[in-house]
Amino acid sequence: MIINNILKDYASLLCLYWSKVKELDNSDTTESFKDDWLQANWELIVERQLGDSDLYLEVYGDGADCNGVSSRVLFPNKQATHNVILKSENEEKIYDFLGERYIDDSIEEIVFQRFVTIKDDGWYYEEPPFDMIEALYRDEVVIVKFSAVNAELNII
């Protein structure tokens, strides 16, 4: 699916630049560099590639801090029109690595939040290889494997 390819490009960019982003973030006195960078690139790489100039996605992760009350970078006055929801790849339930359970996307939507990884300690971290997704399901954080889901645009 095209959205999965765009998300894959975004995750690849994160992997490619992550060490430099973390280095710059550590020296940033505003403490918002990382979130601003993530949001700006989310808008440029994901949102704009989806086509319609009137399409605005929910913010990536925590959003940006550079525009006061808005969590957006490029168009701070725009409200989200869409979010990215995750569907099972082959009609099966999706495994939540955080809750160690299967969740059913036919019962309630699984809403994309950000890319993460799970380490050997069983916890998730915002760092490469960005092969997992932090999402919301029934207002709870879940962690699902990116390769096990298909992303879809959803009008909100």
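Residues numbered from 1 in each chain as written. Predicted model: local features only at pLDDT ≥ 70, side-chain atom pairs only at ≥ 80, totals over all residues. Heavy atoms only, no water.

### Quick word on the overall build of the chain
Right, so step 1: The number of helices and strands found in the chain is two helices and eight strands.
Right, so step 2: Ordered by position in the sequence, the α and β elements of the chain form the string α-α-β-β-β-β-β-β-β-β.
Right, so step 3: Counting only C-alpha atoms, the chain reaches 45 × 40 × 25 Å along its principal axes.
Right, so step 4: When each of the 156 residues of the chain is scored for burial, the buried share is 44%.
Right, so step 5: In the chain, of all internal contacts separated by at least 6 residues, the share reaching a separation of at least 24 is 58%.
Right, so step 6: Accessible area of the chain: about 8,500 Å², with a carbon and sulfur share of 48%.
Right, so step 7: The chain carries 14 positive and 32 negative side-chain charges, and their two centres are separated by 1 Å. (Helix = DSSP H or I, 4+ residues; strand = E, 2+ residues; numbered from the N terminus. Buried < 20%, exposed > 50% of the residue type's maximum accessible area, 1.4 Å probe, protein only. Contact = heavy atoms within 4.5 Å. Areas by Shrake-Rupley, 256 points an atom, 1.4 Å probe, with all protein chains shown as cover. Lys, Arg positive; Asp, Glu negative; His and termini not counted. Charge placed at Lys NZ, Arg CZ, Asp CG, Glu CD.)

### A short note on helix H2 (residues 33-47)
Right, so step 1: Helix length check: H2 (15 residues) gives 20 Å between terminal C-alpha atoms against 21 Å at 1.5 Å per residue, within 8%.
Right, so step 2: The element H2 is extensively covered by neighbouring structure, given that 13 of its 15 residues are classed as buried. (Expected span 1.5 Å × (residues − 1).)

### Let's talk about the packing of aromatic side chains
Right, so step 1: Tallied over the entire structure, the rule returns 13 aromatic pairs.
Right, so step 2: Arranged with centres 6.4 Å apart and planes meeting at 35 degrees, the rings of Tyr10 and Phe115 form a pair that is tilted. You can see Tyr10 sitting in helix H1 (residues 2-26) and its partner Phe115 sitting in strand S4 (residues 110-118), a full 105 residues away along the chain. Judged on exposure class, the residue Tyr10 and its partner Phe115 are both buried.
Right, so step 3: Linked through ring pairs, Tyr10, Trp42, Tyr60, Phe112, Phe115 and Phe146 together constitute an aromatic cluster. (Phe/Tyr/Trp six-rings, centres within 6.5 Å; stacked < 30°, edge-to-face > 60°.)

### Points about the pairing of S4
Right, so step 1: Of all nine residues in S4, eight are buried, a share of seventy percent or more.
Right, so step 2: Bridge count between strand S1 (residues 82-88) and S4: two bridges; the pairing is antiparallel. The residue bridging Ile85 from the neighbouring strand is Val111, located in S4.
Right, so step 3: Relative to strand S6 (residues 132-137), S4 runs antiparallel, the two sharing six bridges. Each residue of the ladder has a partner; that of Val111, found in S6, is Leu136. (Pairing = 2+ DSSP bridges.)

### Thoughts on a nonpolar patch on the surface
Right, so step 1: Taken together, the side chains of Leu44, Leu74 and Phe75 present a nonpolar region at the surface, about 250 Å² in accessible area.
Right, so step 2: In this structure, Phe75 sits in the loop between H2 and S1. (Patch = residues over 30% accessible without salt bridge, like charges linked within 9 Å, V, L, I, M, F, W, Y side chains within 5 Å. Salt bridge = Lys/Arg side-chain N within 4 Å of Asp/Glu carboxyl O.)

### Some thoughts on the packing of H1 against H2
Right, so step 1: Here H1 crosses H2 at 155 degrees, and the two axes come no closer than 11 Å. The orientation of H1 with respect to H2, classified from their angle, is roughly antiparallel. Between H1 and H2 lies a crossing whose hand is right-handed. The segment H1 lies against H2, with Ile6, Leu7, Tyr10, Leu13, Leu14, Tyr17, Trp18, Val21, Lys22, Leu24 and Asp25 engaging Phe33, Lys34, Trp37, Leu38, Asn41, Trp42, Ile45 and Val46.
Right, so step 2: Residues of the contact of H1 with H2, tallied by class, amount to 15 nonpolar, one polar and three charged. (Axes fitted to C-alpha atoms, helices over the stretch in contact; angles between N-to-C directions. Parallel < 35°, antiparallel > 145°, perpendicular 65-115°, else oblique. Left-handed = near helix turned anticlockwise from the far one by under 90°. Nonpolar A, V, L, I, M, F, W, Y, C, P; charged D, E, K, R; others polar.)

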